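# Fold and geometry: a report
Now for the letters of each chain:
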Amino acid sequence: MPERESASPQHDPDARLGDLFENLPDPTPQIPTVDNTPPPPGSRRAAREAATNGATLPADDSSGESQGGPSDEDTATRAFPITGGAAGADAAPTGAATDPDAAREASAGAGTTGEAASSSTASRGDGVSDPAVAATSTAVPGARLEDLFHAPPEDDAGSRPPKKKRRKGCLVALIIVLAVLGGIAAGGVWAWNTFGDKISDALGWGEPADWEAGQATGEVLVTIKEGDTGAPVSTALHEAGVTRTDEVFYDYLVKENVAVTFYPGIYRLQEKMTAAAALEAIQNPDNKLEHSASIGEGATIESSLPGMAESLGMPIEDLQAAVDADPASYGVNAPSLEGWLFPAVYTFDPDVTATQVIQRMVDRTNESLNAAGVPAEDAERILTIASIIQREGRTADFAKVSRVIQNRLDIDMKLQMDSTAQYGYGSLHEGVVSSSAEALEDPNDWNTYVHTGLPVTPIASPSDAAIKAAMNPEDGPWLYFVTINLATGETQFSETYEEHLQGVAKWEQWCQENPDGGCSAG
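Bear in mind that the values here come from a model prediction, so they are computed numbers and not experimental data.

Parameters at a glance
Residues numbered from 1 in each chain as written. Predicted model: local features only at pLDDT ≥ 70, side-chain atom pairs only at ≥ 80, totals over all residues. Heavy atoms only, no water. Helix = DSSP H or I, 4+ residues; strand = E, 2+ residues; numbered from the N terminus. Buried < 20%, exposed > 50% of the residue type's maximum accessible area, 1.4 Å probe, protein only. Contact = heavy atoms within 4.5 Å. Areas by Shrake-Rupley, 256 points an atom, 1.4 Å probe, with all protein chains shown as cover. Salt bridge = Lys/Arg side-chain N within 4 Å of Asp/Glu carboxyl O. Phe/Tyr/Trp six-rings, centres within 6.5 Å; stacked < 30°, edge-to-face > 60°. Lys NZ or Arg CZ within 6 Å of the ring centre and 35° of its normal. Pairing = 2+ DSSP bridges. Patch = residues over 30% accessible without salt bridge, like charges linked within 9 Å, V, L, I, M, F, W, Y side chains within 5 Å. Lys, Arg positive; Asp, Glu negative; His and termini not counted. Charge placed at Lys NZ, Arg CZ, Asp CG, Glu CD. Axes fitted to C-alpha atoms, helices over the stretch in contact; angles between N-to-C directions. Parallel < 35°, antiparallel > 145°, perpendicular 65-115°, else oblique. 1 Å grid on protein atoms, 1.4 Å probe; cavity = no way out; pocket = protein on both sides within 12 Å on 5 of 7 lines; lining within 4 Å. Points joined across faces, edges and corners; volume = space filled by probe spheres on them. Nonpolar A, V, L, I, M, F, W, Y, C, P; charged D, E, K, R; others polar. Expected span 1.5 Å × (residues − 1). Core = buried A, V, L, I, M, F, W, Y, C linked by side-chain atoms within 4.5 Å. Disulfide = S-S within 2.5 Å. Polar contact = N/O pair within 3.5 Å; in protein donor to acceptor, adjacent residues only side chain to side chain.

### Considering the overall build of the protein chain
A tally of helices and strands in the protein chain yields 19 helices and seven strands. Relative to its full complement of 522 residues, the protein chain shows a buried share of 33%. Sequence-distant contacts in the protein chain: of pairs separated by 6 or more residues, those separated by 24 or more amount to 62%. Accessible area for the protein chain stands at about 31,800 Å²; split by element, carbon and sulfur atoms hold 53% of it.

Structure follows, in structure tokens:
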């Protein structure tokens, strides 16, 4: 084997890497070709070319055609790897492409011709415009290959109106639903307010009318008057806190068909008793207090003596003589004992005398006066004011009524209280509010429509609350008041006469709507 052939290659450290590339053979130039094969019908390419042909402007047939090149339609619908002069009609024939220098020039000109393809008109090598290339450049400006695989964006402007319509439709539906629900709710509220009690009773939802057995506690005294029947006794039991509702006792008597006779007197019962237990207690003689007597709030001596005599089993003449005695004998510095018999229920020993009964009541009044801080020398005046307050107002308004009285006394204005005129005329207990013309004009010493200042004595027995109000009137400028609803006792207090007349009109209207409400005797 020759030495040169068998020797291993030796590395030349001085050799340059560039020599390797310099010794490479010249590349064979690649001339791009155009595929003029028509696309298969129904393919995506056929659809794309049909869409492009519809948007491409028609080419001018008078312009020169590319020799041996594609038609205007093919040029406008196909993408070429290399555009410009290299693909024009003046391109060198395939046989001339074997020249290495020509190939290098063609490769070097690719970049230049690529730029020329972006212009509106491609220039041929001889300076003549190539209409085919121009058509390709202007057919689809800014088109990209990616556009073929993405659907065009939907028109937002065209899609918004339906969405708005849907939103409006939902809003209308919501309003209708709310209106229907509101109507149902309003109807339910009306039905409940109107028939709530009956509905509750029918379904068993409401509170029971009677207390449960075993809840009775404490001790209360209930007065049954002469001639009382089931209905008044039922009311008295409820007011004393014995029964739960006003009618439960009477309803029990009707339901059980109980025939009972109520004897007048004072009975010792308990709070929160069932209707059956209350009836049993009333019928038990041990619960009837013997030798007991009571005075009602706002009552007078004349209206109280008959009941006292009956409950005590004492002749009324004895009691009348006791109250007609000198008030000083009871420690009272006053013309009479009117107003000095404190309203309460009293229990006495069986051998009690009429004088002892009256003294016990006077002593109880002194206890109330002392508790309110009334000076002894001012006791008669305070009792007189308190007695008017008791007859004219309800407990919640006592302090305001007291202020009206005091404001009128301060300016020497006549009190003009109907209760005083009625007391002096003897019609206080007729059960009406309005005074007769005769009572208002009668010149007796108690008529504050005729005389200025207070009546000469109290006109009734005041309670603890009335005595406290007489000592502590509420601050205010009022000079007038009128009860505008006798059923509820609602009272309007006014500073001016004009305002007072408006209240009087309200009272007159109530009286017209309630002819049996106790406005007048006629």
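### Regarding the pattern of salt bridges
In the structure shown here, the tally under the stated rule is five salt bridges. A salt bridge links Asp378 to Arg381; the nearest nitrogen and oxygen atoms lie 2.8 Å apart. Assessed through its relative accessible area of 36%, Arg381 is described here as partly exposed. The salt bridge involving Asp397 is made with Arg394; its shortest N-O contact spans 2.9 Å.

### Thoughts on the packing of aromatic side chains
Counted by the stated rule, this structure contains six aromatic pairs. Between the aromatic rings of Trp478 and Phe493, the centroid separation amounts to 5.9 Å while the plane-to-plane angle is 55°, which identifies the pairing as tilted. Pair noted here: Trp478 is in the loop between α18 (464-471) and β6 (480-485) and Phe493 is in strand β7 (residues 490-494), with a separation of 15 residues, a long-range link. Phe493 sits in the buried class, given a relative accessible area of 15%. The residue whose ring lies beneath Arg244 is Trp211, and the NZ or CZ to ring-centre distance is 4.5 Å. When the ring centre of Phe342 is taken as reference, the NZ or CZ atom of Arg364 above it lies at 3.9 Å.

### Topic: the sheet that holds strand β1 (residues 217-224)
Read from one edge of the open sheet, three strands run β1-β2-β3, paired in antiparallel fashion. Whereas interior strands pair on both sides, the edge strands pair on one side only; in this sheet they are β1 and β3 (288-289). Pairing geometry for β1 and strand β2 (residues 265-271), over six bridges, is antiparallel. Each bridged residue has a counterpart across the sheet, and for Leu221 the counterpart in β2 is Arg268.

### As for a negative patch on the surface
A cluster of acidic residues, Glu239, Asp246, Glu247 and Asp251, forms a negative patch at the surface. Looking at where Glu247 falls in the secondary structure, it is placed in the loop between α8 (230-239) and α9 (248-256).

### Concerning the packing of helix α14 (residues 379-392) against helix α16 (residues 418-425)
In contact at an axis separation of 9 Å, α14 and α16 are set at 100° when each is read in the N-to-C sense. Classified by the angle their axes make, α14 and α16 are roughly perpendicular. Of the residues in α16, those in contact with Ile388, Arg391 and Glu392 of α14 are Asp418, Ser419 and Thr420.

### Some words on the layout of surface pockets
One simple way to see leftover space: roll a probe sized like a water molecule over the atoms. The space that makes up the second largest pocket amounts to roughly 1,200 Å³. Contributing to the lining of the second largest pocket are 41 residues, with Glu392, Asp418, Val433, Phe481 and Thr483 lying nearest its centre. Going through the elements one at a time, α14, α15 (398-410), α16, β6 and α19 (497-513) are the ones with two or more residues in the lining of the second largest pocket. Its residues assigned to classes, the lining of the second largest pocket comprises 18 nonpolar, 17 polar and six charged.

### A few points about α14
The end-to-end C-alpha separation of α14 is 20 Å, in line with the 20 Å expected for 14 residues at 1.5 Å each. With 12 of 14 residues buried, α14 is to be regarded as a mostly interior element. Structurally, α14 contributes buried residues whose contacts are with α13 (354-371), α15, α16, α18 and β6.

### Side note on the nonpolar core
Met308, Trp340, Ile358 and Ile389 are the most contacted members of the largest nonpolar core, which totals 53 residues. Broken down by secondary-structure element, the contributors of at least two residues to this core are α11 (301-312), α12 (316-324), α13, α14, α15 and α18. The greatest single-element share of this core, amounting to seven residues, is contributed by α14. In terms of nonpolar packing, the next biggest core, distinct from the first, is built from 18 residues, Leu253, Tyr267, Ala275 and Ile282 among them.

### Re the state of the cysteines
What is meant by a disulfide is a covalent connection between two cysteines, made through their sulfur atoms. Taken as a whole, this structure holds one disulfide when the rule is applied. Cys511 shares a disulfide with Cys519; S-S distance 2.0 Å. Every disulfide takes its handedness from the sign of the S-S torsion; for Cys511 and Cys519 that torsion is -90°, giving left-handed. Classification of Cys519 by relative accessible area gives buried; the value is 8%.

### A look at the side chain of Ser419
Along the chain, the position of Ser419 falls in helix α16. The buried category is assigned to Ser419, whose relative accessible area is 5%. Side chain to side chain, Ser419 and Glu392 meet in a polar contact 2.7 Å long. Those residues in contact with Ser419, other than ones at most four positions away along the chain, are Ile388, Arg391, Glu392, Leu428 and Ile459.

### Regarding the side chain of Ser304
Residue position: Ser304 is located in helix α11. Residue class for Ser304 comes out buried when judged on its relative accessible area of 7%. If we ignore the near neighbours within four places in the chain, the residues touching Ser304 are Ile295 and Ala299.

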